[in-house]
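One-letter residues, chain by chain:
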Amino acid sequence: MRRYTVKINDIEHTLDVEETARDRFVVHLGDRLVDVTLVDHEDLAQAQIAPAVEIPSSTGTRPLPAAVPSGASRPAAATQPTVRPRSNGIGRNTVAAPMPGVVLSIEVAPGAVVTRGQLLLVLEAMKMKNDIRAERDGVIASVSVAPGDQVRHGDPMIAYEG
Amino acid sequence: MTDETWSQLLAGLTNVTWQSLVMIAVGCLLIFLAVSREYEPLLLLPIGAGAILANLPLSPLVGEHGLLSVLYDIGVGNELFPLLIFIGIGALTDFGPLLENPKMVLLGAAGQFGIFLTLILALLLGFSREEAASIGIIGAIDGPTSIYVSGILAPHLLGPITVAAYSYMALVPIIMPPVMRLLTTKQERAIRMPYSQRQISQRTRILFPIVVTIGVGILVPFATPLIGCLMLGNLMRESRVVERLTHAASNELANIVTLFLGLAIGSTMGGEAFLRPATLAILALGLLAFVLDTAAGVLFGKLMNVVSGGKFNPLIGAAGISAFPMAARVVQKEAAREDYSNFVLMHAMGANAAGQVASVVAGGVLLALMAG
């Protein structure tokens, strides 16, 4: 369960998002319960980031992730934060594990300049070696896993700079 | 020295027949494929060795008290060995991806179409009912199931059918991709499927083998030996309380039985029985069964894609066969060829695990059909 407190037109709303399955959520909106199925999600990195609300840290809420464009009205937008719960919502800047597995080898180091399609690391899942390749050009900011590490689906493994 | 002494000393040479020489060459070919190509070496090497040993002139290894014949009698003639291997396979198989994605059962069922189409074709080509069913089961791409079914229905075809089943299993990465590419468009192959992770409780994992055994056992009694052994192994694995048994079943037991099974199967490849046009027909029909399975699976995957509104990668359908986990890996490789960051492996594994269960059920259905 994750609670979002958002302000729309100066009226504060509390959204409690409960993840019942990877693609199914129950959103508590006031006293309404809405069943949400996540059909698709994408990170719109070019969108303007407008975190208009100051989040008091004491309530345990988190800022809306940068990936949610301001004014987005897609129903999926409400559930988007829970889609990558462990990737800190950075989306395009993070390489997350596409499935559970064990990191076999890491082919890049922080600071490395990578091009689209370049091998970043090898993830062994179901006894099969899977090449994880760069989805975009960029510079590697950090590598948060080491060979032999077990990762779950969605775990961040590598972060890009910028 | 009398002539008789000479003929006794040279009995080996004088009893060489062209058929036995050809079969020794076939045995050498199987060993070559196992060693240099690594085509299912665990089975093809013992089978090749068995074929050579059985075809040497006057081989004392076959016949009463001969090693190979004894192995055949204790484990192949009475279907013991394939069942023991199934315990090991069950202990090695993780049905988690299938439990996460139960709809993959449909693909497992679709992947068995080739068996029945090939059966009909073999009947048309003049094979008897029992032979046709045994040839069709090659389409399960499942060694132990093929041995089990053909051992009951057509023991005289055991050699070629086993060799076909294991060779095609080794050729999964070569046979499947062209069929998959032919039947799908680039866009379809690039369909991404979000990995839907569901926590599967240990209780579900333990209940699964029990429920499947009882359910399949009641519906298809002829499949009970196969499914019972497969699920026994899986129950041991998931229960996590008999790790010694799980380990023994998936290692020592499976390895020893594989050696015995391979040698015994190889010994059935006698020259007169093997070198017939029917053997070539069996190999060709087995290949056809495999291709039809793949095609049926992909086409069913396309249907699921239409039903789901374009969110199902039809390649996954090809994984609905028994060759575990090779089929799922081939699917992942094909999907990654179109889009390197598309990971459909877990979905394919689900379909693959379903295919394993479905091929066993298909074997039971065949036995039931032939018994009727």
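Remarks on helix H13 (residues 172–183) of chain B
Residue and element names in this part refer to chain B.
Part 1 of the reasoning: Its 12 residues place the ends of H13 17 Å apart at the C-alpha level, agreeing with the 16 Å of an ideal helix rising 1.5 Å per residue.
Part 2 of the reasoning: Among the residues of H13, those classed as buried are Val-172, Ile-175, Met-176, Pro-177, Val-179 and Met-180.
Part 3 of the reasoning: On the buried face of H13, the contacting elements are helix H12 (158–170), helix H14 (186–189), helix H19 (277–307) and helix H20 (326–338).

With respect to a nonpolar patch on the surface
Part 1 of the reasoning: On the surface, Met1(B), Trp6(B), Leu9(B), Leu10(B), Leu13(B), Val16(B) and Leu21(B) cluster together into a nonpolar patch covering about 760 Å² of accessible area.
Part 2 of the reasoning: Tracing the chain through its elements places Leu9(B) in helix H1 (residues 3–9).

So, the interface of chain A and chain B
Part 1 of the reasoning: Counting residues at the interface gives 19 residues for chain A and 17 residues for chain B.
Part 2 of the reasoning: For the pair chain A and chain B, the summed buried surface comes to about 1,700 Å²; carbon and sulfur atoms form 69% of the total.
Part 3 of the reasoning: Applying the counting criterion to the chain A and chain B interface returns 1 salt bridge.
Part 4 of the reasoning: The salt bridge partner of Glu135(A) is Arg192(B), with a shortest N-O separation of 3.6 Å.
Part 5 of the reasoning: The leading source of residues in the side of chain A that touches chain B is strand S9 (residues 128–133) of chain A, at 5 residues.

Description of the packing of helix H3 (residues 18–36) of chain B against helix H4 (residues 41–55) of chain B
Relative placement of two packed helices is described by the angle separating their axes and the distance separating the axes.
All names here are of chain B.
Part 1 of the reasoning: Interhelical geometry of H3 versus H4 gives an angle of 160° and a closest axis separation of 8 Å. When the interaxial angle is binned, H3 and H4 end up roughly antiparallel. For the element pair H3 and H4, the recorded crossing hand is left-handed. Where H3 approaches H4, its residues Ser-20, Met-23, Ile-24, Gly-27, Cys-28, Leu-30, Ile-31, Ala-34 and Val-35 are matched on the opposing element by Pro-41, Leu-44, Leu-45, Ile-47, Gly-48, Ala-49, Ala-51, Ile-52 and Asn-55.
Part 2 of the reasoning: Within the contact of H3 with H4, the residues separate by chemical class into 14 nonpolar, 4 polar and no charged.

Concerning the pattern of salt bridges
Side chains bearing opposite charge may pair, as long as their charged atoms lie close to each other.
All names here are of chain B.
Part 1 of the reasoning: For the coordinates displayed, the defined rule picks out 11 salt bridges over all chains.
Part 2 of the reasoning: The partner of Glu-338 in a salt bridge is Lys-186, and the shortest N-O contact between them spans 2.8 Å. Of this pair, Glu-338 sits in helix H20 while Lys-186 sits in helix H14, and the two are 152 residues apart along the sequence.
Part 3 of the reasoning: Across the pair Arg-237 and Glu-238 runs a salt bridge whose closest N-O atoms are separated by 3.3 Å.
Part 4 of the reasoning: Taking relative accessible area as the criterion, Arg-237 reaches 27% and is therefore assigned partly exposed.

Describing the packing of aromatic side chains
Residues and elements named next belong to chain B.
Part 1 of the reasoning: Enumeration according to the criterion identifies 2 aromatic pairs over all chains in this entry.
Part 2 of the reasoning: Ring centres 6.0 Å apart and planes at 45° place the aromatic pair Phe-81 and Phe-260 in the tilted group. One end of the pair, Phe-81, is in helix H6 (residues 80–92); the other, Phe-260, is in helix H17 (residues 243–267), with 179 residues separating them in the sequence.
Part 3 of the reasoning: A relative accessible area of 4% places Phe-81 in the buried class.
Part 4 of the reasoning: Measuring from ring centre to ring centre gives 5.2 Å for Phe-95 and Phe-208, while their planes differ by 45°; the resulting arrangement is tilted. Here the residue Phe-95 occupies a position in the loop between H6 and helix H7 (96–100), and Phe-208 occupies one in helix H15 (residues 202–219), the gap between them amounting to 113 residues. Here Phe-95 and Phe-208 have matching classes, each one buried.

Focus: the sheet that holds strand S6 (residues 101–106) of chain A
Residue and element names in this part refer to chain A.
Part 1 of the reasoning: Taken in spatial order, the 4 strands of this open sheet run S9-S8-S6-S11, and their pairing is antiparallel. The open sheet has two edge strands, S9 and strand S11 (150–151), and neither has a second partner.
Part 2 of the reasoning: Note: S6 against S11, 2 bridges, orientation antiparallel. In the sheet register, Gly-101 faces S11, and the bridge partner there is Val-151.

Topic: the side chain of Asn93(A)
Residue and element names in this part refer to chain A.
Part 1 of the reasoning: With respect to the helices and strands, Asn-93 occurs in the loop between helix H1 (75–83) and strand S5 (94–96).
Part 2 of the reasoning: Side-chain polar atoms of Asn-93 contact the side chain of Arg-136, separated by 2.4 Å.
Part 3 of the reasoning: Among all residues touching Asn-93, those that are not within four sequence positions of it are Arg-136, Ile-158, Ala-159, Tyr-160, Glu-161 and Gly-162.

A look at the confidence of the model for chain A
Part 1 of the reasoning: Considering every residue of chain A, the mean pLDDT works out to 73; 67% of them sit at 70 or more.
Part 2 of the reasoning: The spread of mean pLDDT over the elements of chain A runs between H1(A), the lowest at 42, and S6(A), the highest at 93.

The rules behind these values
- Residues numbered from 1 in each chain as written.
- Chains lettered and ligands numbered in written order.
- Predicted model: local features only at pLDDT ≥ 70, side-chain atom pairs only at ≥ 80, totals over all residues.
- Heavy atoms only, no water.
- Helix = DSSP H or I, 4+ residues; strand = E, 2+ residues; numbered from the N terminus.
- Expected span 1.5 Å × (residues − 1).
- Buried < 20%, exposed > 50% of the residue type's maximum accessible area, 1.4 Å probe, protein only.
- Contact = heavy atoms within 4.5 Å.
- Patch = residues over 30% accessible without salt bridge, like charges linked within 9 Å, V, L, I, M, F, W, Y side chains within 5 Å.
- Areas by Shrake-Rupley, 256 points an atom, 1.4 Å probe, with all protein chains shown as cover.
- Salt bridge = Lys/Arg side-chain N within 4 Å of Asp/Glu carboxyl O.
- Buried area = accessible area lost by both parts, 1.4 Å probe.
- Axes fitted to C-alpha atoms, helices over the stretch in contact; angles between N-to-C directions.
- Parallel < 35°, antiparallel > 145°, perpendicular 65-115°, else oblique.
- Left-handed = near helix turned anticlockwise from the far one by under 90°.
- Nonpolar A, V, L, I, M, F, W, Y, C, P; charged D, E, K, R; others polar.
- Phe/Tyr/Trp six-rings, centres within 6.5 Å; stacked < 30°, edge-to-face > 60°.
- Pairing = 2+ DSSP bridges.
- Polar contact = N/O pair within 3.5 Å; in protein donor to acceptor, adjacent residues only side chain to side chain.
- pLDDT = per-residue confidence, 0-100.

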